[in-house]
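For reference, the chains in residue letters:
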Amino acid sequence: MNKQLLLGAEAIAQAALDAGISGVYAYPGTPSTEITEYIQKSSQAKEPFVRAAWATNEKTAYEAALGMSYAGKRSLVCMKHVGLNVAADAFMNSSITGIHGGLVIVVADDPSMHSSQNEQDSRVYGKFAMIPVLEPANQQETYEMTRYAFDLSEQIALPVLLRIPTRLSHSRAVVTRTEVRPQNDLVPSKEKGKWILLPANARKNYQQLLEKQQQLASLSESSPYNRIMEGTGKKAVIAFGIGYNYTMEVIGSYKLQIPLLKISQYPLPEKRIKAFCDQYDDILIVEEGYPVYEELLKGYFVNRKFRGRLDGALPRTGELSPAPLAIALGLSTSETKPIPAIVASRPPMLCQGCGHRDLFDALNMAMESYPFKQVFGDIGCYTLGALPPYNTISTCVDMGASITMAKGAADAGIRPAVCVIGDSTFTHSGMTGLLDAVNDRSPITVIISDNDTTAMTGGQDSAGTDKFFDICKGLGVEEKHIRLMIPLKKNLDENKAILKEELDYDGVSVIISQRECVQTLKKKSKVKKADC
Amino acid sequence: MQKNIIIAGVGGQGILTIASIIDLAAMNLGLHVKQAEVHGMSQRGGAVESHLRISTEEIYSDLIPLGKADLILSIEPMESLRYLPFLSPEGVIVTSTELYENIRNYPDKTELLNEIRESASCLLIEAEKLAAETGNAKTYNVAMLGAAAPHIGIEATELEKAIATYFAGKGEKIIETNLNAFRLGLDNAQK
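Residues numbered from 1 in each chain as written. Chains lettered and ligands numbered in written order. Predicted model: local features only at pLDDT ≥ 70, side-chain atom pairs only at ≥ 80, totals over all residues. Heavy atoms only, no water.

> How should I be thinking about the overall build of chain B in this particular structure?
Counting secondary structure elements, chain B contains 7 helices and 6 strands. Going from the N terminus to the C terminus, chain B shows its helices and strands as β-α-β-β-β-α-β-α-β-α-α-α-α. In terms of overall size, chain B behaves like a compact globule, its C-alpha atoms giving a radius of gyration of 16 Å where 191 residues would be expected to give roughly 16 Å. The C-alpha extent of chain B, read off along each of the three principal axes, is 40 × 40 × 35 Å. In chain B, which comprises 191 residues, the proportion classed as buried is 62%. The long-range share in chain B, meaning contacts at least 24 apart out of those at least 6 apart in sequence, stands at 64%. For chain B, the exposed area adds up to about 7,500 Å²; of that, 47% sits on carbon and sulfur atoms. A distance of 4 Å separates the average location of the 16 positive side-chain charges in chain B from that of its 25 negative side-chain charges. (Helix = DSSP H or I, 4+ residues; strand = E, 2+ residues; numbered from the N terminus. Rg over C-alpha atoms; globule rule 2.2 N^0.38 Å. Buried < 20%, exposed > 50% of the residue type's maximum accessible area, 1.4 Å probe, protein only. Contact = heavy atoms within 4.5 Å. Areas by Shrake-Rupley, 256 points an atom, 1.4 Å probe, with all protein chains shown as cover. Lys, Arg positive; Asp, Glu negative; His and termini not counted. Charge placed at Lys NZ, Arg CZ, Asp CG, Glu CD.)

> I keep staring at helix α2 (residues 33-41) of chain A and nothing clicks. Help me out?
Residues separated by three or four positions in an α-helix point in the same direction, a consequence of the helix having 3.6 residues per turn. All names here are of chain A. Counting buried positions along α2 yields 7 of 9 residues, so the element is predominantly enclosed. Of all the residues in α2, the buried ones are Thr33, Glu34, Ile35, Thr36, Glu37, Tyr38 and Ile39. At its buried positions, α2 is contacted by β1 (3-7), α1 (8-18), β2 (21-26), β3 (74-80) and β4 (103-109).

> For this particular structure, what's the right way to read the interface of chain B and chain A?
Size of an interface, as often reported, equals the accessible area lost when the parts are brought together. With 47 residues of chain B in contact, the opposing surface of chain A contributes 48 residues. Three residues, Met41, Arg44 and Tyr60 of chain B, lead the burial of chain B against chain A; their summed loss comes to 21% of the area buried on that side. Put simply, chain B and chain A have 4 salt bridges between them. Its salt-bridge partner being Glu79 of chain B, residue Arg346 of chain A comes within 2.6 Å of it at the nearest N-O pair. In this assembly, chain B and chain A are joined by 20 residue pairs in polar contact (both at pLDDT 80 or more). Across the side of chain B that touches chain A, the residue classes tally to 22 nonpolar, 12 polar and 13 charged. (Buried area = accessible area lost by both parts, 1.4 Å probe. Salt bridge = Lys/Arg side-chain N within 4 Å of Asp/Glu carboxyl O. Polar contact = N/O pair within 3.5 Å; in protein donor to acceptor, adjacent residues only side chain to side chain. Nonpolar A, V, L, I, M, F, W, Y, C, P; charged D, E, K, R; others polar.)

> I tried to follow the packing of helix α1 (residues 15-28) of chain B against helix α6 (residues 156-166) of chain B on my own but got confused; where do I start?
Packed helices, taken two at a time, are described by the angle their axes make and the gap between the axes. Residue and element names in this part refer to chain B. Taken N-terminus to C-terminus, the directions of α1 and α6 make an angle of 115°; their axes are 8 Å apart at the nearest point. α6 is crossed by α1, and the crossing has right-handed handedness. Of the residues in α6, those in contact with Thr17, Ser20, Ile21, Ile22, Leu24 and Ala25 of α1 are Glu158, Leu159, Ala162, Ile163, Thr165 and Tyr166. For the contact of α1 with α6, the class distribution of residues is 8 nonpolar, 3 polar and 1 charged. (Axes fitted to C-alpha atoms, helices over the stretch in contact; angles between N-to-C directions. Left-handed = near helix turned anticlockwise from the far one by under 90°.)

> Before we go on, may I ask you to explain the domain arrangement of chain A in this structure?
Residue and element names in this part refer to chain A. Once the domains are mapped, chain A shows domain 1 (3-222), domain 2 (227-328) and domain 3 (355-521). Centre-to-centre, using C-alpha coordinates, domain 1 lies 34 Å away from domain 3. Contact with domain 1, which involves 12 residues of that partner, is made by 13 residues of domain 3. With both sides pooled, the region where domain 1 packs onto domain 3 buries about 910 Å², and carbon together with sulfur makes up 57% of that total. Its largest share of buried area at the contact with domain 3, domain 1 owes to Tyr27, Thr56 and Gln117, together 48% of the area lost on that side. Along the contact surface separating domain 1 from domain 3 lie 0 salt bridges. Of the residues that constitute the side of domain 1 that touches domain 3, the class distribution is 4 nonpolar, 6 polar and 2 charged. (Domains from an automatic or database assignment.)

If you want it as structure tokens, here you go:
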């Protein structure tokens, strides 16, 4: 029972349950979604109860987790890297308030952008907030470090950021569990000033945060997760997080004796790093993500003994793998077969029978007669409407940007200014933008492509299901310009007419294009069958 | 012993069933396992692969290094070639021959199969036919696992045990049908 084959994401979830969390707060986002899903399905989360329903966005998730911490309980908050941009206000200020019950924030980065708009490195955020960052290398360490993160958070009274990349989150290995710790008692924080960030208090708290930095550094100095593997020669490697795995892979397959310093806990253990670096002439810095610490170690006047992503020894972008590491260490790699020319690329596409398809068919036809054919898009499956055969979507930037970009474009004179946003994305970050448009009377047509779910990440509950008409009405959209349509082939003419009417309307209109996601429909019918 | 296996297919085809069965068998034998999967956008009809590594020694990289895969097990023929840079000079391709044509510029089938034959030592399996023989088209993946079984580094009997565990929740009949598919695949490999 103690040994399980777990994804890195699942190892975090299991560790958090075993560490006695009382709640997990999250908005779905690849590669972080499986953490919360695991807790939602775990029988261990039923008694004692661990709350685990999806939040509307990462900011609401973060704040709720902080509230649970205030009450004295342990809480976990999870998101993908770009989700931390949404939660950044709460995150940055929570390092000033500090925490009460242990609070761990897991951020799953996506180097190589397998399912993301950028490959931002969340370690920068950790440094920015001046809190400890933990970066495990493998699944077992992920389990152990998640548990450690909660203890550390309570020890130093700060949130702790645990960072994992896609490759660790979505890779399985055998994990050994340790004893379950009970949940914390309900003992709300009594430290008043700490939580009220009026300038006078905030200055005090900030000073305390600065004073804690030395303690954080000394914890890194003695951390068992930062360690040296002895070797010989004048060349060495400093490997961060999962970079350790690739380094060990190359060391193993080439039978190298190269000294290696593994770093998995930040802030940097300065003394250890200095003692290590003083011994060698040529040091390869292996970081998954940005060359954050390579830049720091090189310094402003560039110490040439450090090599890495910054000077091109390793590729500047994309996730690491053993081959470029071997090349950076001056090793020859064997020739590999190329991909034959006959292989065509196979990009992702909308599912057969998907409602977004019928929406794009109708929208393309409705847009035909206009000179401007921009359709502002958003984040979700429907972003695939940017690809052939539809070529409908013109933009994809960040959650909710479709509505506000359409508004700005409308303000500049673009007619029609139309945007497509999914149901879950709308409640995540679209509602406030719609209110802006209503207040400013910006002539935009907002199409909420509502499939009853957060589809791209695998069909999680969507916060606004069955509430869209009321939400839009409540935000001030005129009732007669909130239209409903069912995106089906048989409704094509009718839908085209609805779209056309609203595209021609010189004000804010919303069209709710409503049909359930074919994937969740399939899942439901499977469950139904099993129940019979 | 170390085996590096790339399992390839198209999002939605269910390559993770194959990976999960091998994982189970390896774990039962006390072997080290690492299995990297693809979640997210590519699952929508795009190319997907899983890097599966099993070993008697500790495994570090979740990704198989280029040129180090012993086996490419593909449940779609064109996808078997996409990961060729990972295949070792002695590596083997085991692929089904049924096309999954969800793109316009899908290559000609005869040319494609010839290219596979020229690329590496390979075994081409009409998996749909095998699955049909079991009376359950869904056993397609398990039939392919059977066909690749001699190259996995785990005894077929251990894989069969893992199949029984994997489908345990679905009843005896489903277990039997899948074992049948596995054996049909294995017989084809041994012909």
